[in-house]
Amino acid sequence: MSARLAYVVNPMVPALGARIVDDVAGMTVSAVLAKADWNLAPTTVLVRSGQLVRRAEWDAVPLNDNEEAILVVLPLGKTGSQIGAIVAALAVAVFAPELSALVLGSLATTTVVGAVTIGQIVTSAIVIGGQMLISTFLAPPKPFSGGATPSPTYSLTGANNRARLAEAIPDAGGTNMIMCDLYTAPYVEYENNRQTLSLGLMVGIGEYDIHQIRLGQGVIWQDGSFTGAYPEIELEISGPADPVTLIEDNVTTSTEVSGITMLGTNEEGYDWSGPFVCSRPGTKALSLGFDFLFPAGLYSVDDHGHLDDAEVFINVEIQAIGNDGTPSGGWTSVLAGSFLRSTRGALRVTHRVNVTPGRYWARMQRTNARSTDKNTSDTIQWLGMRAYLPGIVNYEGVTTIQLRATATANVNNDSLSKVNVICTRKLPIYDADTETWSTPIATRNPAWYAAYMMRDAALCNLPDSRIPLDQLVSLAATWEGRGDWFDGVFDQRKRLWENLQSVLAVGRSRPFMAGSSIAIVRDEAKTLPVAAFSPRNMLGGSFSIDYAFDQANAVDALMIQFIDNRTWSSNQVLCALDDFAGVPEDAPPFQWFGITDREHAWREGMYLVAQNRYRRRSPNFRTEMEGRVCFLGSYIKVGHWLPTWSTAAAILDLAEDDAGDILLLSEPWSVPAGKEDEDRLFQAVTPDGRVYGPVTFDLLDDGSDTSRAKIRLTSTYDVPVGLYAHQQPRDWPVWSGEGLELERPRCTLGTATEQPQGALLVSMKPDAGGQTASVVCVVDDARVHSADEGDPPDEVGGPDSTLPANLTITSLALAESISGGVVSVAVTVGGASDALSFDAHWKHPSDTAFNKPLTGFASGGTIVLDITGQTTLELRARGAAGYGPWFGVTFDADGTTDTTPANVGTIATNGAPLGLFVSGTVMEYSWTAVAHAGSYLINVIGRVGGHSFFPRRGPIEVTTTTYRYYPADEIDDGGPWADAYIQVKAKNAAGISAAWTDSHNGGG
């Protein structure tokens, strides 16, 4: 007796406060309530067999065996038709599959054919946009959402790099576009008056084959090398075992220091600025960085208008403090000196000083008077302060990217907040022949990502003995052949089992526990049943069929939404059977996580729609120990007289005959009316439970007189597996001695249209005591497995599948000419093989924005620019589906064909061709301009004492033929130097001069 009464106090969230009492068959509802001692709310209603029951009738009829009854508390004020509406809502929404199992559990039902209860309908329904999708075997994965911080990878608008505190580190499978998380706080420094931003970015757990690194849509690095689109950027990719060297990975920036103007000694209110704390409690700084800004420059102009130097003196002091902010020790000067420049325009400088490890605060003051001369600009601001803390250096188990970018017109804060990568996860692959795992290789196959999830110590942590390795090898081959890939990023906190289900769902599979091991079942066409069930091995009175009748709001088409790997943005495809009469807008949308290919999305959508249409009969029954040999997804044969699925009988005797063995059956059987022309089919169960047949037979005696039908087998069947494989019934050891006394073989008889049905086992749950089992299955239909044959509907306006690679420019070759003072540039483009045309725009270094784009010219075409001088030119490829990233070059637009510039000539030092370097002195280097050079690269080489020379600064790119090296630069680079010199090369769009030219190196 397994009737159950559930009490749901919150109809919208039924799991909250739900109470259940079991084994109440034969009791009235009032008697159950007395037993349970529940105090019901005044608005409680009773639902039995899908109908409301008035309170006055609760005692009229006792609860039936296996009945599900539900008490539901309705909101106050709901009466009449509103109650009916709420009950209807319960039927399609409240008792969703996971909640129904929680509240009602699993009940075998005795519902007669044609009758359906609430519990039976909703446990196999998913509501999408108010429409019901029957999912009898494999439910689609839930849309990927949730988490305290939205996923940047799956945020289709406004995605950028951010630190998602307390969220999961991204763990990706397959090929994905990943919007990288920040793993450390970004920080800025200033070098040669240019701002440099340092970023530490997390790709994800594990190892990856990185195909592209991008700023937004612009590709800066591809397949192991820079594209040249953003020369201002340095990159470092660190695998799970590689150190981080390009940036400092633990830097804190003060929020209190920001543009504080330092008063001169001659100004009212002159005093120290600060102190300001450098780092948070519990940290120890190894060095401190101080940024200074001269907002209008640092210079003086003499009476003749010549630019001259101006000088500002400063002093920065630090004091050690404890975690509670209490000072310890005195103040120590760490930066005392002057800035001497003749620079117009904003000037920004960074100085970094090493300190004894500890926590500090700092203060600063200007130590000279501010000039009152209107021809002198010497205002200084304390722009920023940072503490460089001990770094982690190596991030075990994850892949990171370090990026340093110098701010230019090409690179700005907006683009630098959208760093993303296109990459493929590298995972071990199992070799069934050698029983070994490979080193990690790039793969999109869901089998190996599922294996990783099961084996990884931080996830399931299962030994190989509890993982279905042979199944995974077989499934991997199936998915490889179909192109069923898993491309998904888990970067939200979700249940591990739910994530594993999402991975396998892209391959039409689901995991389940088989004892202490994990097994996997794939929904695919099957022809070999593992067991057969008929009234001969069903418990009496336990058989029922649930029919999920088509409803007005049933889904007859789906709009599957997915991330398209051609553009890494949202796309959708209509999935509808041939008789769909609606318009695409009628199809409810459903997001499928892990699919990035349009054809794959269409196949899985068609499978769901076909399953919804053709799998609507669910046989339920109880059986004895035979049910225990079946697992989720097992293909079984079910026969029963009630739905005319054949007639069941036992085989009493077998007589061998050359014309066909003759069987005596325990039941009479005659050809059903109207089926005389159909094949007569026989199916039996071997002694070890395998299925023999179907085979054809002739009816020799219908048993109308003896109640024992007699048939002759007219064909044979080869059972491929089991103890009795490849044997015919005459070979079974059951026809003599004790064989028939132990258990007579079972069989079913029918015709081509009245025969046992092939079904998939949905659930098998042992009853109390473990001697019997409740089986729920769904009748399969071949049309479910053939619905995805063919091609998806034509795509209108879809993206070009080669957009990411074939619209990327990799190089530009320029040839200049001049006519009438107007410069023309002939452009030849490298890469972008699928481009139909190109767009261009240009600017001078002093321009804040690019000039109006020029559009529609072909590679090798001519761009007319009415400009001369240094110019930055950018091009992008235009294809059938959109644009590629901008690619830029800088050149000297003088009307001559650019060739690689010659080497730089003699370098003069402070006006003298062989002047010596003098430590602590402003050193000015100059050289003669090189023809067609657009800029110059400079290295500073220095040494301490008698040690070797070593690069100290550079390469620096300048557009003038002079370079000044200041005492502050010398200290900033680690000096003072005993000797130093510079190296210079010339550069233009065609290349860089062959050799460095050295200034006098002091005899070193």
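Rules and cut-offs
Residues numbered from 1 in each chain as written. Predicted model: local features only at pLDDT ≥ 70, side-chain atom pairs only at ≥ 80, totals over all residues. Heavy atoms only, no water. Pairing = 2+ DSSP bridges. Helix = DSSP H or I, 4+ residues; strand = E, 2+ residues; numbered from the N terminus. Buried < 20%, exposed > 50% of the residue type's maximum accessible area, 1.4 Å probe, protein only. Lys, Arg positive; Asp, Glu negative; His and termini not counted. Salt bridge = Lys/Arg side-chain N within 4 Å of Asp/Glu carboxyl O. Contact = heavy atoms within 4.5 Å. Arc of directions from axis to C-beta. Phe/Tyr/Trp six-rings, centres within 6.5 Å; stacked < 30°, edge-to-face > 60°. Lys NZ or Arg CZ within 6 Å of the ring centre and 35° of its normal.

Peer 1: Explain the pairing of strand β45 (residues 662–665) here, please?
Peer 2: Two faces make up the sheet, and in a regular strand the side chains alternate between them. Both strand β44 (residues 647–655) and β45 contribute to a ladder of 4 bridges, which runs antiparallel. Paired with L654 across the strands is L663, a residue of β45. Connecting the antiparallel pair β44 and β45 is a turn made up of 6 residues, with G660 showing a positive phi of about 135°. With 3 bridges joining them, β45 and strand β48 (residues 710–713) adopt antiparallel strand pairing. When the sheet's bridge partners are listed, L664 is paired in β48 with K710.

Peer 1: Can you walk me through the side chain of K985 in this structure?
Peer 2: Here K985 lies in strand β64 (residues 979–988). Of the side chains with opposite charge, D998 lies nearest to the buried K985, which makes no salt bridge, at 9.7 Å. What K985 contacts, discounting residues up to four positions off in sequence, is V904, S935, Y936, L937, I992, S993, A994, A995 and W996.

Peer 1: Even after reading the chapter, I still don't get helix α1 (residues 29–36), so can you show me in this structure?
Peer 2: Three or four residues apart is the spacing at which side chains of an α-helix point the same way, because the helix has 3.6 residues per turn. Among the residues of α1, V29, V32 and L33 are the ones counted as buried. Along α1, the residues classed as buried sweep out an arc of 100° about the axis, all on the same side. What points out from α1, more than 90 degrees from its buried face, is the exposed set A34 and K35. Against β1 (4–8), β2 (19–22), β3 (44–48) and β5 (68–73) lie the buried residues of α1. Backbone geometry just after α1 places D37 at a positive phi near 60°.

Peer 1: What am I meant to see in the packing of aromatic side chains here?
Peer 2: The way to describe two aromatic rings as a pair is by their centre distance and the angle between their planes. Summed over all chains, the structure comprises 23 aromatic pairs. Ring centres of F512 and F631 lie 6.0 Å apart, and the angle between their planes is 35°; on these two criteria the pair is classed as tilted. Pair noted here: F512 is in strand β35 (residues 509–514) and F631 is in the loop between β42 (617–623) and β43 (635–638), with a separation of 119 residues, a long-range link. The buried category is assigned to F512, whose relative accessible area is 12%. Of the residues examined, F631 reaches a relative accessible area of 42% and is grouped as partly exposed. Centre to centre, the rings of F590 and W592 are 6.5 Å apart; their planes meet at 80°, and the pair counts as edge-to-face. The two residues F590 and W592 agree in class, both being buried. What links up through ring pairs into an aromatic cluster is the set Y449, Y452, F486, F490 and F593. In this structure, R363 is placed above the aromatic ring of W331, and the distance from its NZ or CZ to the ring centre is 4.0 Å. R425 extends its terminal NZ or CZ atom over the ring of Y452, reaching a point 4.6 Å from the ring centre.

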